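Chain residues, written in single-letter form:
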There are 2 protein chains.
Amino acid sequence: MSELSERSGVAVPSIKFYLREGLLASGEHTSPNQASYSDEHVQRLRLVRALIDVGGLSVSGVRAVLAAVDDTELPLDWAFGLAQRAIPGGVPEQEAHAGSRGHAEVQQALEHAGWQISAANPGRAMAARVIDTYERLGHERLIDTLPAYLRAAELVAEADLAAVADAPERAAMVETVVIGTVLGDSLLAGLRRMAQERASDDYFPTPPGAVPPTELECDPEEGTP
Amino acid sequence: MSELSERSGVAVPSIKFYLREGLLASGEHTSPNQASYSDEHVQRLRLVRALIDVGGLSVSGVRAVLAAVDDTELPLDWAFGLAQRAIPGGVPEQEAHAGSRGHAEVQQALEHAGWQISAANPGRAMAARVIDTYERLGHERLIDTLPAYLRAAELVAEADLAAVADAPERAAMVETVVIGTVLGDSLLAGLRRMAQERASDDYFPTPPGAVPPTELECDPEEGTP
């Protein structure tokens, strides 16, 4: 196990926890105190850590995602749904006010684009909730961004699927679905920040000679009530 | 204050907390036990709630964002930077391994697109970290999605800036920057989930007669170690 820890970069107590939680299969026992672990263990351990550390998934979320990776019968398009639901930040079903303006705006945008999307897709409530908040805050003009955001989402999903289709075999495909879905949001958010900097330079050029604020006077880690 | 609570939908103890933390200006005292609050108080209170509840900002993050809203001297393109840094999930400066493959890939993609982005933009480290994780997990093929993601980010940022430029006056512009930056990530993530459903239907049609899993067997709220 100490060798597994060294090869994967994951501490032994964490490995023991993952074994106990069923996120990692036991090694092959070679003696009462020794077990041998394969490359597959190392790979699985890295996947578990990425889902937890980078994707922010809970243990039960990781378990569900791994079940999708291992279920060779699961249609690939369902694997997307499983990965999507495991990612935190999704909106619980009951928060989806089907009659809200947000839902109507999202549905209208989908119809305009010719998309047929299931009622259960977690993205529906996520998007509707944002639109409802724009309205509640009196910033309806932000609702006009919806078509551009939809087109951007289309570009990204095309690239996601192309990467999945490019994987050599089924297990790698499902892994690509899961990793790309979980991490792609962060990639997109990061690139959006850079694109905003570029676009805001065009729209609102900084006056010459102005000195930018060197750092934000806040600690984003401070707790909220 | 009870009227303010009613009009804003925010509970009195929360209003008291925001007053104490300086997120909300005091009302005008009309008697020792009475203060009058204006429409501006209601609007500010809604903004604070949206930033905390929907944007996930900390109290100090909200404070920094409000300072940007109120600072009439702040160039608008800096307001974007302030909003970006206040959003949780950003990567601390020290985690940015400037020499990593992720940073090199991101820089190359930016140069290819002709974008000049400051070293301090928090999106740089966010994007680089995702690319590094793709590599560590042996899913380099996901790095090929970078140009499509960049183009998508460009579309979204254009729409963001158009909405800001459309605001009637400066204070509304800065509010639009802040609200759109904080909430736009969720909107995009939601639309991406729907776009993935649509694209995966095209790439991997579900076999006829297959019965979809009705619900995910996991509780995303369960804690992680």
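The structure under discussion appears in the preceding block.
Figured I'd write up the structure that's included with this text.

Conventions used here
Residues numbered from 1 in each chain as written. Chains lettered and ligands numbered in written order. Predicted model: local features only at pLDDT ≥ 70, side-chain atom pairs only at ≥ 80, totals over all residues. Heavy atoms only, no water. Helix = DSSP H or I, 4+ residues; strand = E, 2+ residues; numbered from the N terminus. Buried < 20%, exposed > 50% of the residue type's maximum accessible area, 1.4 Å probe, protein only. Contact = heavy atoms within 4.5 Å. Areas by Shrake-Rupley, 256 points an atom, 1.4 Å probe, with all protein chains shown as cover. Axes fitted to C-alpha atoms, helices over the stretch in contact; angles between N-to-C directions. Parallel < 35°, antiparallel > 145°, perpendicular 65-115°, else oblique. Left-handed = near helix turned anticlockwise from the far one by under 90°. Nonpolar A, V, L, I, M, F, W, Y, C, P; charged D, E, K, R; others polar. Least-squares fit on C-alpha atoms with pLDDT ≥ 70 in both. Phe/Tyr/Trp six-rings, centres within 6.5 Å; stacked < 30°, edge-to-face > 60°. Buried area = accessible area lost by both parts, 1.4 Å probe. Salt bridge = Lys/Arg side-chain N within 4 Å of Asp/Glu carboxyl O. Expected span 1.5 Å × (residues − 1). Arc of directions from axis to C-beta.

## Points about the overall build of chain A
Reasoning step 1: Of regular secondary structure, chain A possesses nine helices and two strands.
Reasoning step 2: Its helices and strands taken in sequence order, chain A reads α-α-β-β-α-α-α-α-α-α-α from the N to the C terminus.
Reasoning step 3: By residue count, 53% of the 225 residues in chain A fall in the buried class.
Reasoning step 4: Within chain A, residue pairs in contact and separated by at least 24 positions form 59% of the contacts whose partners lie at least 6 positions apart.
Reasoning step 5: Carbon and sulfur atoms provide 48% of the accessible area of chain A, an area that totals close to 10400 Å².

## Section: the side chain of Ser200 of chain B
Reasoning step 1: Mapped onto the fold, Ser200 of chain B is located in helix H9 (residues 170-203).
Reasoning step 2: Assessed through its relative accessible area of 1%, Ser200 of chain B is described here as buried.
Reasoning step 3: Once you skip the residues sitting within four places of it in the chain, Ser200 of chain B turns out to touch Asp77, Phe80 and Leu161 of chain A together with Pro205 of chain B.

## Overview of the packing of helix H6 (residues 101-113) of chain A against helix H7 (residues 122-136) of chain A
Residue and element names in this part refer to chain A.
Reasoning step 1: For the pair H6 and H7, interaxial distance at closest approach is 7 Å and the crossing angle is 120°. As judged from the angle between their axes, H6 and H7 are oblique. Crossing of H6 over H7 shows right-handed handedness. Contacts from Arg101, Gly102, His103, Glu105, Val106, Gln107 and Leu110 of H6 reach H7 at Arg124, Ala125, Ala127, Ala128, Ile131, Asp132 and Glu135.
Reasoning step 2: Residue composition of the contact of H6 with H7, by class: six nonpolar, three polar and five charged.

## A closer look at the relation of the copies chain A and chain B
Reasoning step 1: Least-squares fitting of chain A to chain B yields an RMSD of 0.1 Å, with the transformation described by 0.0 Å of translation along the axis and a rotation of 180°. What we have between these two chains is a two-fold relation. Looking at the rotation axis and the C-alpha trace of chain A, the residue lying nearest is Ala152 of chain A, at 2.1 Å.
Reasoning step 2: When the interface residues of chain A are mapped onto chain B, 100% of them again lie at the interface, so the same face is used by both copies.

## Regarding the packing of aromatic side chains
All names here are of chain A.
Reasoning step 1: On inspection of all chains with the given rule, the structure shows four aromatic pairs over all chains.
Reasoning step 2: Between Phe17 and Tyr18, the aromatic rings sit 5.9 Å apart at their centres with planes inclined by 65°, giving edge-to-face as the arrangement.
Reasoning step 3: Judged by centre distance (6.1 Å) and plane angle (45°), the ring pair of Tyr203 and Phe204 falls under tilted.
Reasoning step 4: Under the relative-accessibility criterion, Tyr203 is labelled partly exposed at 32%.

## Comments concerning the interface of chain A and chain B
Reasoning step 1: Between chain A and chain B, the contact holds 110 residues from the first and 110 residues from the second.
Reasoning step 2: Regarding the contact of chain A and chain B, the summed buried area is about 10200 Å², with carbon and sulfur atoms giving 70% of it.
Reasoning step 3: On the surface where chain A and chain B come into contact, there are eight salt bridges.
Reasoning step 4: Of the charged contacts, one joins Arg193 of chain B and Asp185 of chain A as a salt bridge, the two residues approaching to 2.5 Å between their closest N and O atoms.

## With respect to H6 of chain A
Reasoning step 1: With 13 residues, H6 of chain A should cover 18 Å at 1.5 Å per step; its first-to-last C-alpha distance of 18 Å lies within 8% of that length.
Reasoning step 2: Buried within H6 of chain A are the following residues: Gly102, His103, Glu105, Val106, Ala109 and Leu110 of chain A. Projected down its long axis, H6 of chain A shows its buried positions confined to an angular sector of 165°, all on one face. Opposite the buried face of H6 of chain A, by more than 90 degrees, sit the exposed residues Gln108, Glu111 and His112 of chain A.
Reasoning step 3: Residues of H6 of chain A that are buried sit in contact with H7 and helix H8 (146-165) of chain A together with H9 of chain B.
Reasoning step 4: Just past H6 of chain A, the residue Gly114 of chain A takes up positive phi, approximately 75°.

## Concerning the environment of Val42 of chain B
Residue and element names in this part refer to chain B.
Reasoning step 1: Mapped onto the secondary structure, Val42 falls in helix H3 (residues 39-54).
Reasoning step 2: Overall, the relative accessible area of 5% leaves Val42 in the buried class.
Reasoning step 3: On a C-alpha basis, the gap between Val42 and Val177 in space is 20 Å, while along the polypeptide they are 135 residues apart.
Reasoning step 4: In contact with Val42, not counting residues within four places along its chain, are Leu4, Arg7 and Ser8.

## Some thoughts on the pattern of salt bridges
Reasoning step 1: Under the criterion given, the structure shown has 20 salt bridges over all chains.
Reasoning step 2: The partner of Arg192 of chain B in a salt bridge is Asp160 of chain A, and the shortest N-O contact between them spans 3.0 Å. Linking Arg192 of chain B in helix H9 with Asp160 of chain A in helix H8, this pair reaches from one chain into another. Of the two residues, Arg192 of chain B and Asp160 of chain A, neither departs from the other in class, the shared state being buried.
Reasoning step 3: Measuring nitrogen to oxygen at the nearest pair gives 3.3 Å for the salt bridge that ties Arg101 of chain B to Glu135 of chain B. On the criterion of sequence distance, the pair formed by Arg101 of chain B in helix H6 (residues 101-113) and Glu135 of chain B in helix H7 (residues 122-136) is long-range, its members being 34 residues apart.
Reasoning step 4: According to the relative accessible area criterion, Glu135 of chain B is partly exposed, its value standing at 29%.
Reasoning step 5: Among the charged side chains, a network of salt bridges with common partners joins Asp160 and Asp185 of chain A together with Arg192 and Arg193 of chain B.

Distances and angles like these do not, on their own, reveal function.
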